[in-house]
Every structure is written in C-alpha cells, then in structure tokens.
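# Structural characterization, general
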Amino acid sequence: RECKPQDLANIVHALNSLGVTWVDGFWATLRSHVLHTCDRFIPRDVSTLLRALAMAGERLDSEVIDALLAKTEDIARVLEPRDVSTILWAVATMARKDLLTARLFETLQRRALAIAGEFTSRDVAMFLWSVATLDIRMDPSLLVALQHRAIAIADDLNHQGVSTTMWSLASIGGKLEESTWARIAERAVAIAADMNTQDVSEILWALATVKNPPPNKVLAAAMFRRAGEQANECNPQTISNVVWAMGTFGDKGHLDLLKVLQQRALSILDEYVPRDIGMLVWGPATLGVKVDSAVLDRLQEQVVRIISDFGPQDIAVFTHGVAALGSMLHPATLQAIERHAISISVKFLPQHVANFLWAFATMKVCPTPGVLDAMQCRTRDAIEGFEPQHVANVLWAVASLRLTLEDDTIQALLQHARATSIIAKPPDMTMLLWALSEFEIQPPPAVLTAILDRCEVTVEDFLPAQISNLLRSLAVLCVPVPESLMDKLLDRATSCPSTYCAQEVSNLLWALACLSAHKQAVRAGLYERLAREAEVVQINESMHLSQINQFFVDLSLSCSEDPALEKSLPSSINSLRETLEKPAAAAFAQASTTTSRLQNDIVNALKAGWQGIIAEEEAHDPVSGYGLDMLLDASAVPELAPLGCAPGKWALEVDGPSHFLKVGDRRQPTRSTLLKRTHLQRLGYTLVSVPYWDWDKIRREGLDVKLQYLEDKLRNPL
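We now turn to the structure provided with this report. (Residues numbered from 1 in each chain as written. Predicted model: local features only at pLDDT ≥ 70, side-chain atom pairs only at ≥ 80, totals over all residues. Heavy atoms only, no water.)

Moving on to the sheet that holds strand β6 (residues 686–691). Adjacent strands of a sheet form backbone hydrogen bonds with each other and so pair up, either parallel or antiparallel. Read across the sheet, four strands follow the order β1-β2-β3-β6 without closing on themselves; strand pairing throughout is mixed. In this open sheet, the two edge strands, each paired with only one partner strand, are β1 (614–620) and β6. Adjacent strand axes in the sheet meet at a mean angle of 30°, parallel and antiparallel pairs treated alike. The strands touched by helix α36 (residues 703–715) are β2 (627–633), β3 (650–655) and β6; relative to β6, the strand with the most contacts, the crossing angle is about 145°. (Pairing = 2+ DSSP bridges. Helix = DSSP H or I, 4+ residues; strand = E, 2+ residues; numbered from the N terminus. Axes fitted to C-alpha atoms, helices over the stretch in contact; angles between N-to-C directions. Contact = heavy atoms within 4.5 Å.)

Okay, here's the thing in structure tokens:
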C-alpha cells in the first residue's frame, strides 16, 4: 500500500531481470494496487510498468492493461520518446493488438511525430519494430520522419538496432527513401563483424523483401560472409532466410556457403518447422542449383513427421521447390501432402493453388481426384483474388497433365482472365492460350478480344518463345489474328535479340502456314531470320520436322498460286528447303496411323453396299505426305459413276473426336484438320468427311440407312 508507481515498476522490472518466479498472491496484490493508483502514474511509470509486465510473460487480464493504456492517452502530450516507443513495444510484445484502439495509436503517432527529432536509435528501432509486429498501417509522414531520424543517428545504431530497423522498415512497407536504406546499409557494413546470426537473418530478409531501393550488394556480400563465419551457430530460420535471400537475389557467388548451410541443416533437421523446410528447397531451385540428395531425403522425412503443422503456403512452397529442382516427392511424402492439402484446402490462396498444381505438372505426377476437386472448388471460391499469372498456371498445369476441369471452373477462370487482362503479361497470355489449345476449347469472343488487345499493347515485351507459342495456340484454336497485331508480332519476332530454339522455329513456321501469313512474314524479314536460326539449332526431332513439312507444303502451294510470293522469298528460305525438305517429308510420312473401329465399319458398309467400289485404306498423298483414311474409286459403281470424281483423287476422311474443337455448344474442326483439308483440296482432291457423331447415330441402323447417308456425303463433298 505504501509503494509508489515507480516502486511498483522497479520491483517488477527487477524480478524479471533476476529471473524470479512470481509467488502466489503477488500478481493479485500488484493488480489491485495498479488499479487503485493508476491515476497518479507519470509517463515513465506507465512505460516502465508496461515493459516489465510484457517481459514477465504472464497472461495479463485486460483490465490492468486497459487502465495503463487509458492513462497513456491522458498523458500523451508529455510522453518522452522512450515512453512512446516502450509503450507501443509492450503492446506488441504482449500480442495485445486488440487493446490498441485506433484512437490510442493515432495519439501515439501524433506525439511521435512531434518529438521525432529527439528519438534515440533505440527509440526508432523499437517503434518501427512494434508497428511491424502489430501489422498496423503507419502514418506516411511519421514513417518519413523516423527515416530521417535514422539517418541522423545511424552511427549510434548497434548490430541489433541495425537489423531491427531494417527488418521493421521492410515489414512495414510504404515508401522507403533510398538515402535511408543506403545510410543504414553503410552502418551495417561498418559493424558487420558484430552481427550475430539473428542479425544476419533479419538483414538479408529485409534486403530480399524490399524491391525499391534495390538490394545493397556490398551489404549482402558482407552478410553472406558473416553467415559463413557463424555457420555452425545458425538455426533453421537463419539458414532458410539466408538461402531464400540467395534465391531472391539470384546470387550464385556463394554456392560454397549454400553447401555448408545444407550440411548444418542436416545436423539440426529435427528443429525445422514448415516455413524453414520450404525455403531450404526454394532457394536452390530458384538458383538452378541441386540440393544434396541426403538433405532432400531427410527433409521429406521431416515433412511427413510434421505435416499437420503445414499451412497452404508451406505446402505450395515446398512442392514448388522440389518440382523446380527436377526432383520427385517420395510416395509417403506425396500421400501425406495430398491428404493434408485436401483437409485445409479452404485456406489456400490463389497463389498457393497455382503453385501447388504447377508442381504436380512439372513433376509429371497426376494429383488424386480429391486434390483436383478441392483445388477446383477453391479456385471458384477465391476467383476474385486470382492474378493473370495464377489463372495461366492453373490452366497450364491441368492441360500439361492431360486432365480435365469442370466447365464451371474453366468459365470462371476465363471470365476472370478477361476482367484482369489489363495487367496480364506475355507469359500469362501465352500459357493461357496454350492450355486452351491443349483442351481444344476456343474461348468466348469477349475473352479473346481482351487478350488480343492486351497482346497488341505489350508486344514489345514478347520473347521468341512467347511469340511462337501465341501464334501456334491461336492457329490451333482457329482464331484469326487481326492484321495490325500480326504485323507487330512478326516485326517483334524479327527484331527480338533473343535466339530461337528448334521448337520455337518449327512452331512459328507451322503457325504462319496455318494463318496464311507468308507475305507478312516475308515483308517483316522473319523468314530470313528463322532460316538463319534453323541452321544453328539443328532441327532433327520428328515432331518439329513434321511441322516444317506442313510449312513447306503450304509455302509451295502458295508460291504456285502466287508467283510474286515465290520471287519475294529470301534465298535463305530456299536453302533451308533444300536442307530440310526431304527429312521433313520423311518424318511426316512416318507418323503412325491407326485404323479405328469406326473406319472399319464404314469400309464394310461401302463394300457391302456397292459391288465394285475400291476403297484403298491408309493411302498417302505423294506430294504432301498426308495420310488418307480411304482413297475411293467408284467408277465401276453405276449409281456413283455420274459423280465424275477422278480415281485416285476422291478421299474419304473419318473424323473422330480428336479432329474437333469445342466452341461453345458447337464442334469445329481443329486447325490441323482444316490445314490438311485445305492442302489436299489445293492438290486437287475431292474430300468427304464423316464426323464421328453422325455415324454414331446410325451405327446400329440397317445397311440401307448407312448407304443413303454415305451417298449423300459423296454427292456433297467439302
């Protein structure tokens, strides 16, 4: 009862410093006395007592804290810098954000702004740390004022002050002044030898988190050196932050340190929590550096042991990292992750969904139906949060695995892609259209328009791979490319300094044939560029050669129809034709073909109904190399002879499901099917197409019905 407020604060502070456990009844007595004398507290009493209570680690009731914080508001105008920073630090340390009212925080900010010029290095670090820990928005003017103060007292910052200030500024976000970052970095380099592992961890994390100003390379190098000097003292969080920073910087200059930290990780693996595990694989994966197999095996064992502690981000980062390393998940690890992912799928954010599915596709492992259903459900529920990259990655992953999505999911993704197209980047648009081409689904016109408009705006950002994928996908989807966009894409494809690989050359040439863009490509100088690239990359894979064969066929037909085109071709294209035409034709002709049951049924009907008809199956056109399901000769059939089709030029094609795209509720021939039809017709063939759904309707009917259908088809060719 005789204790003054300062006495109470000093007693609690002393007990904490001595590590003395509070005896029964002490808190009750203290609590009662604080509540009865709080109105007599001066600023230093409030701040010292709050600091002492926070350090005591006791679960304090709200009434005492409320009383002390209410007193803070009453005396805010006379608070000194130490009091302001200490009071806010105490609230943050007690994790009692719920008791920090908006009014009180605004009061503390106003006072801090008024006396910012008096803040010590300790005050700056504590105040910023508290704001970052409480995750509350700071007044921009106060943030600027404290940054200016940090510059002024930078030489007073010790190793902990430097690391705390940098970590806090990075966590708070907002506008960081380059001069502030540079001055604190200068101080950090000067006292690098004093830095402990936690300081190193926090500084590297801050440098990797802040994008503007860019990372200070001198400081980063100093921290990597210091990490190496203390490698045997690093805990899991320090190791993960150091490795994460390496990956974020793209720093391959400290790979020896990476190996040392991996070995240190092995010795303390039982201490690893989910976040640290994810970073340990993400960093090397980003650098394109392998993780020691023993480390990766042990990490996977730890994942299985603590899988229940994993959150969605932990799952996404770990699986993404393993996949990016070119490694595989152990069956037990995969099973544990899939089961846990389903159980917490409602917590997945768009980025987690996209990265998780991307990992499966990259590892070429199909997720269980339960995982795919859960991710689809989450995609639909969280669609408003998806960025263009997330939409593209989800569609790309599912298409790569040859899986299917529910129509509702696809439509939700496409409509959102349209809504966010204004911020889409070339990789997003090319991946999305590639996925749709694999699904054989043509997007709605409004979605296409939005994407193509965005392509035209961002055309100068396209790389060769993206241009070839974009035009190939548009060709596959049978989408006409606006002339202005085509001109810009071809100009970019010609002038882009990046080189082309074999797949990009063949994709682009094939797409130009499909899109009838020979003249535009010649005008842009693209054919000359691609011919030079083709000489360097050595196109020898069958798939690429087959595409080039179709290009040569189309170019030859176009030149025979338009002599001016022939004259305008660069000599390099003719040289390329001399080099690749034969191997391309051979590869195309060797493509395997199979005779379907549907085709056999049609052949049987033809021969049973019309004696004398000749149906040569699996024939080949000698010029183009195209395979023909049936080459018909009906000259000996009286009822068909009047049709006048020359023997050897009357072809019947049996078109199964793979020959058609889904366009809304309609079916439309694929680009490959249309290209084949066009080429054969230009070569003089009369073509008849029997789509699978037509024959399915009459398959069980009698021969008369089938013959009537076939006769109608023969009388009405394409």
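With respect to the helices and strands, the residue asparagine 235 is situated in the loop between α12 (217–229) and α13 (236–249). Asparagine 235 gets classed as partly exposed once you look at its relative accessible area, which sits at 34%. (Buried < 20%, exposed > 50% of the residue type's maximum accessible area, 1.4 Å probe, protein only.)

Turning our attention to the pairing of β1. Direction of pairing for β1 relative to β2: antiparallel, over a ladder of six bridges. Looking at the pairing, alanine 619 lines up with leucine 628 of β2. Counting the residues between successive antiparallel strands, the hairpin from β1 to β2 contains six residues, one of them, glycine 625, with a positive phi of roughly 85°.

Attention now moves to helix α29 (residues 526–537). For α29, with twelve residues, the first-to-last C-alpha span of 16 Å sits near the 16 Å given by 1.5 Å per residue. Taken as a whole, α29 has its buried residues at Leu526, Tyr527, Arg529, Leu530, Ala531, Glu533 and Ala534. Where α29 is buried, its residues meet α26 (483–495), α27 (502–514), α28 (518–524), α30 (542–561) and α32 (571–589). The first or second residue beyond α29 is glutamine 538, which carries a positive phi of 55°. (Expected span 1.5 Å × (residues − 1).)

Tallied over the entire structure, the rule returns 26 salt bridges. Residues glutamate 460 and arginine 492 are paired through a salt bridge, measuring 3.9 Å at the closest nitrogen-oxygen approach. With a gap of 32 residues between them, glutamate 460 in the loop between α24 (445–457) and α25 (464–476) and arginine 492 in helix α26 connect regions that are remote in the sequence. Residue class for arginine 492 comes out buried when judged on its relative accessible area of 12%. Residues joined by salt bridges that share partners form a network here, namely Arg44, Glu80 and Asp83. (Salt bridge = Lys/Arg side-chain N within 4 Å of Asp/Glu carboxyl O.)

Attention now moves to the packing of aromatic side chains. Within this structure, the stated rule accounts for twelve aromatic pairs. Arranged with centres 6.3 Å apart and planes meeting at 75°, the rings of phenylalanine 119 and phenylalanine 127 form a pair that is edge-to-face. With a centroid separation of 5.4 Å and an interplanar angle of 70°, the aromatic rings of tyrosine 527 and phenylalanine 551 are classed as edge-to-face. Taken together, the residues span a long stretch of sequence, with tyrosine 527 in helix α29 and phenylalanine 551 in helix α30 at a distance of 24 residues. Judged by relative accessible area, tyrosine 527 falls into the buried class, the value being 1%. Judged by its relative accessible area of 0%, phenylalanine 551 falls in the buried class. These aromatic residues form a ring-pair network of at least three members: Phe348, Phe356 and Phe360. If you follow lysine 649 out to its NZ or CZ, it ends over the ring of tyrosine 685, 4.2 Å from the centre. In this structure, arginine 667 packs its charged tip against the face of tryptophan 693, placed 4.5 Å from the ring centre. (Phe/Tyr/Trp six-rings, centres within 6.5 Å; stacked < 30°, edge-to-face > 60°. Lys NZ or Arg CZ within 6 Å of the ring centre and 35° of its normal.)

As a further point, take the layout of surface pockets. Volume-wise, the second largest pocket comes out at about 620 Å³. In terms of lining residues, the second largest pocket is bounded by 20 residues, among which Met279, Gln313, Val317, Gln351 and Asn355 are the most central. Among the secondary structure elements, those contributing two or more residues to the lining of the second largest pocket are α15 (274–287), α17 (312–324), α19 (350–363) and α21 (388–400). When residues of the lining of the second largest pocket are assigned to their parent elements, the largest contribution, five residues, is made by α17. (1 Å grid on protein atoms, 1.4 Å probe; cavity = no way out; pocket = protein on both sides within 12 Å on 5 of 7 lines; lining within 4 Å. Points joined across faces, edges and corners; volume = space filled by probe spheres on them.)

Here the focus is empty space enclosed by the protein. Under the counting rule described, the total for this entry stands at one cavity of 30 Å³ or more. Its boundaries defined by the atoms lining it, the largest cavity holds a volume of some 80 Å³. Lining the largest cavity, in full, are Pro388, Val391, Ala417, Ser421, Ala424, Asp428, Met429, Leu432 and Ile451. Secondary-structure elements contributing two or more residues to the lining of the largest cavity are α21 and α23 (426–439). No other element matches the three residues that α23 contributes to the lining of the largest cavity.

Interaxial distance between helix α4 (residues 62–74) and helix α6 (residues 102–114) falls to 10 Å at its minimum, and their mutual angle equals 45°. Comparing the axis directions of α4 and α6 gives the class oblique. With respect to the hand of their crossing, α4 and α6 are arranged in left-handed fashion. Contacts from Leu69, Thr72 and Glu73 of α4 reach α6 at Arg103, Leu104, Thr107 and Leu108. Looking at the contact of α4 with α6 residue by residue, the classes come out as three nonpolar, two polar and two charged. (Parallel < 35°, antiparallel > 145°, perpendicular 65-115°, else oblique. Left-handed = near helix turned anticlockwise from the far one by under 90°. Nonpolar A, V, L, I, M, F, W, Y, C, P; charged D, E, K, R; others polar.)

Checked against the element boundaries, serine 293 lands in helix α16 (residues 293–305). Exposure remark for serine 293: the relative accessible area of 52% places this residue in the exposed category. On a C-alpha basis, the gap between serine 293 and serine 327 in space is 9.2 Å, while along the polypeptide they are 34 residues apart.

A few words now on the side chain of glutamate 202. By the element assignment, glutamate 202 lies in helix α11 (residues 197–209). Lacking a salt bridge, the buried glutamate 202 has arginine 275 as its closest oppositely charged neighbour, with an N-O distance of 11 Å. Each residue touching glutamate 202, except ones within four places of it in the same chain, is listed here: Ser163, Thr164 and Trp167. (Lys, Arg positive; Asp, Glu negative; His and termini not counted.)

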